[in-house]
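Residues per chain are reported as follows:
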Amino acid sequence: MPKIKTNRGAANRFRITRSGAVKRAKSHRRHILTKKATKRKRHLREPSMLHKADVAAARRMMPYA
């Protein structure tokens, strides 16, 4: 049986936690940051979990994570 390729886009976006949940970064922190409030940018730094409906798709894209 050949190895399954990891989807590199998913591997760069997501991390699997020890409990099996999928951690992701929040969006809207790449550019045009001057008009965004400091509080908003600070809260966007915090990681969040992927919605449970999307976890199975993310795990399929990263078979060895």
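Residues numbered from 1 in each chain as written. Predicted model: local features only at pLDDT ≥ 70, side-chain atom pairs only at ≥ 80, totals over all residues. Heavy atoms only, no water.

Q: I keep staring at the layout of surface pockets and nothing clicks. Help me out?
A: A water-sized probe rolled over the atoms picks out the places where empty space is left. If you add up the space inside the largest pocket, you get close to 220 Å³. Lining the largest pocket are N12, R13, F14, R24, A25, K26, S27, H28, R29, R30, L44 and R45. Breaking the lining of the largest pocket down by element, the ones donating at least two residues are helix 1 (8–13) and helix 2 (38–45). Here the lining of the largest pocket is composed, by residue class, of 3 nonpolar, 3 polar and 6 charged. (1 Å grid on protein atoms, 1.4 Å probe; cavity = no way out; pocket = protein on both sides within 12 Å on 5 of 7 lines; lining within 4 Å. Points joined across faces, edges and corners; volume = space filled by probe spheres on them. Helix = DSSP H or I, 4+ residues; strand = E, 2+ residues; numbered from the N terminus. Nonpolar A, V, L, I, M, F, W, Y, C, P; charged D, E, K, R; others polar.)

Q: Looking at this structure, I do not really get the sheet that holds strand 3 (residues 48–49). What am I missing?
A: Within a sheet, each strand pairs with its neighbour through backbone hydrogen bonds, oriented either parallel or antiparallel. Spatially, 3 strands are ordered 1-2-3 in an open sheet, and the strand pairing comes out antiparallel. Each edge of the sheet is formed by a strand with only one pairing partner; in this case those strands are strand 1 (14–16) and strand 3. Of the pairings in the sheet, the one linking strand 1 to strand 2 (residues 22–24) comprises 3 bridges and is antiparallel in character. Opposite I16, over in strand 2, you have V22 as the bridge partner. (Pairing = 2+ DSSP bridges.)

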